[in-house]
Amino acid sequence: MAEQSGHAFDQAWLTWPELPKGTKGTYRQPWMTRVIASSKTDMGQTASRELQRGLERLFGVNIEILDQMDQGESGVWLGTLANFRLESIARDISVEQMADLEGMGEEAYAIWPLGPGVAVVGASDRGLLYGAFSLIRQMATMTSLQDMVGQNAPANPLRMLDHWDNLDGSVERGYAGGSLFFSQGQVLPPSSRLTAYARLLASVGINAVAINNVNVHGEESYFITPKHLADLAALAERFRGYAIRLFLSVNFASPVEIGGLSTADPLDEAVQQWWQDKAALIYSYIPDFGGFVVKADSEFRPGPFTYGRDHADGANLLARALAPYGGLVIWRCFVYDCQTDWRNRKLDRARAAFDHFVKLDGRFADHVILQIKNGPIDFQVREPVSPLLGAMAHTHQMLELQITQEYTGQQRDLCYLVPQWKEVLDFDTYAKGPSSTIAEVASGKGLDRRLGGIAGVANAGNDPYWTGHPLAQANFYGFGRLAWDPKLASTQITAEWIHQTLGHAPLLVDALSSMLHDSWRIYESYTAPLGVGFMVNPGHHYGPNVDGYEYSKWGTYHFADHHGIGVDRTEATGTGYVGQYREPHRSIYEDVQSCPDELLLFFHHVAYGHRLGSGKTVIQHIYDSHFEGAEAARGLLARWQQISREVPAQWAERVAERLAWQVQNAEEWRDVVNTYFYRKTGIGDERGRFIVP
Ligand code: GCV
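Residues numbered from 1 in each chain as written. Predicted model: local features only at pLDDT ≥ 70, side-chain atom pairs only at ≥ 80, totals over all residues. Heavy atoms only, no water.

## Details of the environment of Glu550
Point 1. Its place among the elements puts Glu550 in the loop between helix 17 (506–526) and strand 19 (564–565).
Point 2. Overall, Glu550 belongs to the buried group, its relative accessible area being 6%.
Point 3. Of the polar contacts made by the side chain of Glu550, one reaches the backbone nitrogen of Phe559; its length is 2.7 Å. (Helix = DSSP H or I, 4+ residues; strand = E, 2+ residues; numbered from the N terminus. Buried < 20%, exposed > 50% of the residue type's maximum accessible area, 1.4 Å probe, protein only. Polar contact = N/O pair within 3.5 Å; in protein donor to acceptor, adjacent residues only side chain to side chain.)

## Focus: the site of the ligand
Point 1. Surveying the vicinity of the ligand reveals 15 residues, the closest of which are Glu172, Lys295, Arg332, Lys373 and Glu406.
Point 2. A distance of 2.7 Å separates an oxygen atom of the ligand from a polar side-chain atom of Arg332.
Point 3. In the environment of the ligand, an oxygen atom lies 2.7 Å from a nitrogen or oxygen atom belonging to the side chain of Lys373.
Point 4. Here the ligand, which alone exposes 340 Å², has 96% of that area covered by the protein.
Point 5. A per-class count over the shell around the ligand returns four nonpolar, three polar and eight charged. (Near = heavy atom within 4 Å. Areas by Shrake-Rupley, 256 points an atom, 1.4 Å probe, with all protein chains shown as cover. Nonpolar A, V, L, I, M, F, W, Y, C, P; charged D, E, K, R; others polar.)

## Concerning the pairing of strand 17 (residues 397–402)
The two faces of a sheet get side chains in turn, since along a regular strand they alternate between them.
Point 1. Across the six residues that make up strand 17, a large majority, six, are buried.
Point 2. The pairing of strand 16 (residues 368–373) with strand 17 spans four bridges and is parallel. Bridging across to strand 17, Leu370 finds its partner in Gln397.
Point 3. With five bridges connecting them, strand 17 and strand 18 (residues 453–457) associate as parallel partners. From the neighbouring strand, Leu399 faces strand 18, where its bridge partner is Ile454. (Pairing = 2+ DSSP bridges.)

## Remarks on the environment of Trp112
Point 1. Note on placement: Trp112 falls in strand 6 (residues 109–114).
Point 2. For Trp112, a relative accessible area of 0% corresponds to the buried category.
Point 3. In contact with Trp112, not counting residues within four places along its chain, are Leu81, Phe84, Ile93, Gln97, Met98, Leu101, Val118, Ala119, Val121 and Gln151.
Point 4. Of the polar contacts made by the side chain of Trp112, one reaches the side chain of Gln151; its length is 3.3 Å. (Contact = heavy atoms within 4.5 Å.)

## What to know about the pattern of salt bridges
Point 1. With the rule as written, the count across this model stands at 36 salt bridges.
Point 2. Measuring nitrogen to oxygen at the nearest pair gives 2.8 Å for the salt bridge that ties Lys295 to Glu299.
Point 3. Residue classification places Lys295 among the buried positions, given a relative accessible area of 6%.
Point 4. The class of Glu299 is partly exposed, set by a relative accessible area of 21%.
Point 5. When the shortest N-O distance is used, the salt bridge between Arg521 and Glu423 registers 3.2 Å. Of this pair, Arg521 sits in helix 17 while Glu423 sits in helix 13 (residues 418–426), and the two are 98 residues apart along the sequence.
Point 6. One network of salt bridges, with partners in common, ties together Arg382, Glu423, Arg521, Glu524 and Glu598. (Salt bridge = Lys/Arg side-chain N within 4 Å of Asp/Glu carboxyl O.)

## So, the nonpolar core
Point 1. Counting residues in each nonpolar core, the largest one holds 206 residues, and the members touching the most others are Tyr197, Phe239, Trp331, Trp497, Leu512 and Phe677.
Point 2. Here this core takes 11 residues from helix 20 (residues 618–643), the largest share from any one element.
Point 3. Core analysis: the second largest hydrophobic core is formed by 16 residues, Ile36, Ile93, Leu101 and Ala108 among them. (Core = buried A, V, L, I, M, F, W, Y, C linked by side-chain atoms within 4.5 Å.)

## Brief notes about the domain arrangement of the protein chain
Point 1. Once the domains are mapped, the protein chain shows domain 1 (3–152), domain 2 (158–501) and domain 3 (526–567 + 605–681).
Point 2. For domain 2 versus domain 3, the separation of C-alpha centres amounts to 29 Å.
Point 3. Listed per partner, the contact involves 34 residues of domain 2 and 30 residues of domain 3.
Point 4. For the pair domain 2 and domain 3, the summed buried surface comes to about 2700 Å²; carbon and sulfur atoms form 58% of the total.
Point 5. Linking domain 2 with domain 3 are one salt bridge, by the criterion used here. (Domains from an automatic or database assignment. Buried area = accessible area lost by both parts, 1.4 Å probe.)

## Thoughts on helix 21 (residues 649–681)
Point 1. Over its 33 residues, helix 21 runs 48 Å from end to end, which matches the ideal 48 Å to within 8%, given 1.5 Å per residue.
Point 2. Count one or two residues on from helix 21 and you reach Gly682, which has phi positive near 70°. (Expected span 1.5 Å × (residues − 1).)

## As for the pairing of strand 15 (residues 328–332)
Point 1. In terms of residue burial, strand 15 counts as a mostly covered element, since five of its five residues are buried.
Point 2. The two faces of strand 15 match: Leu328, Ile330 and Arg332 on one face and Val329 and Trp331 on the other face are all buried.
Point 3. Relative to strand 15, strand 14 (residues 291–294) runs parallel, the two sharing four bridges. By the bridge assignment, Gly291 is partnered in strand 15 with Leu328.
Point 4. At this point the chain moves from strand 14, through helix 11 (residues 311–322), to the parallel strand 15, and the crossover so formed is right-handed.
Point 5. Across four bridges, strand 15 lies against strand 16 in parallel orientation. Looking at the pairing, Arg332 lines up with Gln371 of strand 16.
Point 6. Of the crossover connections in this fold, the one passing from strand 15 over helix 12 (residues 352–357) to the parallel strand 16 is right-handed. (Right-handed = clockwise from strand over helix to strand, strands pointing away.)

## A short note on the packing of aromatic side chains
Geometry of an aromatic ring pair is reported as the spacing of the ring centres plus the angle between the planes.
Point 1. A full pass over the atoms with the stated rule returns 39 aromatic pairs.
Point 2. Measuring from centroid to centroid gives 6.3 Å for Trp497 and Trp651, while their planes differ by 40°, and the two rings are tilted. You can see Trp497 sitting in helix 16 (residues 490–501) and its partner Trp651 sitting in helix 21, a full 154 residues away along the chain.
Point 3. Taking relative accessible area as the criterion, Trp497 reaches 1% and is therefore assigned buried.
Point 4. Note on Tyr581 and Phe603: the rings are 6.3 Å apart at their centroids and 70° apart in plane angle, and the pair reads as edge-to-face. Of this pair, Tyr581 sits in the loop between strand 19 and helix 18 (585–590) while Phe603 sits in helix 19 (residues 600–603), placing them 22 residues apart in sequence. (Phe/Tyr/Trp six-rings, centres within 6.5 Å; stacked < 30°, edge-to-face > 60°.)

Following this line, the structure appears as structure tokens:
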């Protein structure tokens, strides 16, 4: 891997740059040079080695690992609750505290004072691994030892990455090189790179990974057969060492396409038997196999509709096969008609997921989790939150976010998504009255459900920096941290990432943090305005093309003419989509006066002269935001140049190169969008700036 000045790029946020001298003083205690590894399991040993590595890097000293703590000595003690109770040190902690930790589930950990030292106690070995990474993270951000003390457990049972990787090594919507798992038709053997990846995942608490594209066709359909299972089992084993379960995306039509049956009808007994046999086979190779991810009846993928069945029939078929082994079916709700008639303005793709699924509430088997994209359309830079989240009281559901930046700059443009995700997670669904936030609904707690979680479409590949744009690592990191704890402030997440990845200089931390925090709004301002979405080039989805999807079958329109723009989704005169929300959102979105500016064109068709809440007209907002957005993109490059000497030169150059691309992209967006609307409306810019006539 590329290294420079001792900076191993593939370590990402596990680089753990050395702390400044003054800070070291706070922590520099004789006991800190000893890690007492009480858990002797493989995972316990992994946790101890991580801690050793972290402390060595942060403090620039050698750390020894000891098997046990001698009388009167202290150190960083590391073990499970079971280990802790067996050792005499347990007397320092009350029985209640220990019971509390136990009650928080196997993934919980505690950091407790231990004499002059500290104990990292996992409810299990998994909790121990998370506790070790937590101690390092908190030391890297210079948290005082007192402030570290306490128990911690993940908010979400499932914290998952979905890869859209293909067996030929390509990655659908991947912007960071090729696949980490496949190349040229082969499953790659586990490598040190895979271990490095598993470490990154475990360090932020990811506990599930689906490694292949949800669009499963051709050879990937055979993943659940002996042709590939031994190779996949080797990957699963490597992930297992870091407490991560492997999932596979499957082809709903497998019984026909690879099984020689004449049907894939979920109610057909031979089909049911076929899936049960496959489940038995998979578990004989991968005993802790996580389950299936399924994209059915969506974008030309087969599904139960072919047989006149519904999605509960389809999902339950697979759930019945996996249930004896504890496997899950993650069934995606991204189901819509992609062959729609653009001339019919009453048809509305935004309605589709809710219309398909809500009526099935209560019919899904216990091992099914519905995976719901954050917005009703498709991971746009700005969309309302999907009304399906929280709409099914008797169904397990989880949130799907897109870390890979398909519509948000493709890891060429800087677009830090943590602030966007925070808005989604904090959105109140009112599913069970006020405070039923998306975070509560997704975790299952808000609906009193056992299962739930957050999945993110992964943004990493075999690029030396993992993510193409080095700063896109912050999205990867931030996703994991929010999946663990959606209540974390985005400023804290950002600071953690910078301290652990690049260094501790206040100038760097402050300036880079503010660049990251500004970037989503900057990206939004020079692309599609006021929540309208999809003004992108068809196919690859990068760069402006205002009418790119306007007269197509994909269901994503803006309806701009010379009078106005936007989609009327009201109940009164539009598609009725607004009616899928609970109050107060329904009334807020229905009324053009109370609808938030940033979503106005998602919900309403208005004249260009319509005045926004900001006081500007729609057309002037379009001009201003595009001029200002392009300017701000240029500003990002200038801001980077102020701080880039604080980071390794190659890193700095890669970021500068990406930011320079972004300037060009933003200018292209500005000129194409402004010109389009100037020509359409004939209304000039109030401030007389140049727009191509
Ligand atoms: C994997 C969008 C993307 C597709 C993706 C799909 C999905 O339509 O453009 O590449 O397919 O979402 O989420 O299934």
